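Structural features, examined
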Amino acid sequence: MTDINTPPVNRAQRILAYMVASAVGLSILAFLAVIIGTAAGMKGDSFSQGVWPTILLLPLFGLPIGFVFLVVLLVISLRKRAREARSIK
């Protein structure tokens, strides 16, 4: 049974959740692309041409950014819950 008094999810929380999912998801896809490229027989010099340098750098930046977004989302969520708990008393 659902709780009727549950407040709706904040827009900022929803946006941050999508940002976390997209940053981590793109990084995982980049990992898989490198693994598939290596399994297909690409050598080290082949990864320095075309779009491959971007794919190689994406997890380097995407995972830490996703982690920061996750921490920000956690802080926002905890502050909202604490505010709601104080208002109930």
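Residues numbered from 1 in each chain as written. Predicted model: local features only at pLDDT ≥ 70, side-chain atom pairs only at ≥ 80, totals over all residues. Heavy atoms only, no water.

1. A look at the overall build of the chain
This is how the line gets drawn: Helix and strand labels come from DSSP, where a helix needs a run of H or I of at least four residues and a strand needs a run of E of at least two; each type is numbered from the N terminus. Every radius of gyration here is taken over C-alpha atoms, with the globule rule written as 2.2 Å times N^0.38, N being the number of residues. Between two residues, a contact is recorded if the distance between any of their heavy atoms is within 4.5 Å. Per-residue accessibility takes into account occlusion by the displayed protein chains alone, with areas from the Shrake-Rupley method and a 1.4 Å probe.
When helices and strands are counted, the chain shows 2 helices and 0 strands. Its C-alpha atoms give the chain a radius of gyration of 20 Å, clearly above 12 Å, the size a compact globule of 89 residues would have. Along the three orthogonal principal directions, the C-alpha set of the chain runs to about 65 × 25 × 15 Å. Sequence separation of at least 24 residues holds for 70% of the intrachain contacts in the chain that already meet a minimum separation of 6. For the chain, the accessible surface area stands at approximately 7100 Å², while carbon and sulfur atoms represent 71% of it.

2. Details of the packing of aromatic side chains
Put simply, the rule reads: Stacked, tilted and edge-to-face are the three classes applied to pairs of Phe, Tyr and Trp rings, where Trp contributes its six-membered ring and a pair requires centres within 6.5 Å; stacked means planes under 30 degrees apart, edge-to-face means over 60, and tilted covers the rest. The rule is simple: take the accessible area with a 1.4 Å probe, protein chains only, and divide by the maximum for that residue type; under 20% is buried, over 50% is exposed, in between is partly exposed.
Using the criterion set out here, one finds 1 aromatic pair in the structure. Their ring planes at 85° and their centres at 5.1 Å tell us that Phe47 and Trp52 sit as a pair that is edge-to-face. An identical accessibility class is assigned to Phe47 and Trp52; each is buried.

3. Topic: the domain arrangement of the chain
We count it as follows: Residue ranges assigned to each domain were obtained from an automatic or database domain assignment. Two parts placed together each lose some accessible area; with a 1.4 Å probe, that loss summed over both constitutes the buried area. Salt bridge, as used here, is a side-chain nitrogen of Lys or Arg placed within 4 Å of a carboxyl oxygen of Asp or Glu.
Domain annotation for the chain reports domain 1 (8-40) and domain 2 (59-88). Here the C-alpha centroids of domain 1 and domain 2 sit 17 Å apart. Counting each side, the surface lost to burial between domain 1 and domain 2 is near 1100 Å², with a carbon and sulfur contribution of 80%. When residues of domain 1 are sorted by the area they lose upon contact with domain 2, Gln13, Leu16 and Val20 head the list and together hold 46% of the total. The tally of links from domain 1 across to domain 2 stands at 0 salt bridges.

4. A look at the UniProt feature "transmembrane region" (unreviewed entry) in the chain
Going by this rule: UniProt positions are given in the numbering used here, feature names are shortened, and annotations may be inferred rather than shown by experiment.
As annotated by UniProt and renumbered to match this structure, "transmembrane region" (unreviewed entry) occupies residues 15-39 and 51-76. As a span, residues 15-39 carries 100% helix and 0% strand, and end to end its C-alpha atoms are 36 Å apart. Along residues 51-76 the backbone is 96% helical and 0% strand, and the end-to-end C-alpha distance reaches 36 Å.

5. Some words on the environment of Leu63
Considering the arrangement of structural elements, one finds Leu63 in helix 2 (residues 52-88). C-alpha of Leu63 to C-alpha of Val20: the two residues are 43 residues apart in sequence and 9.0 Å apart in space. Beyond its immediate chain neighbours, meaning those up to four positions away, Leu63 contacts Val24, Ser27, Phe31 and Leu58.

6. What to know about the side chain of Lys80
To keep things clear, this is the line we draw: Lys and Arg are tallied as positive, Asp and Glu as negative. Neither His nor the chain termini are counted.
Relative to the elements of secondary structure, Lys80 occurs in helix 2. Buried Lys80, no salt bridge; nearest opposite-charge side chain is Glu84, N-O distance 4.3 Å.

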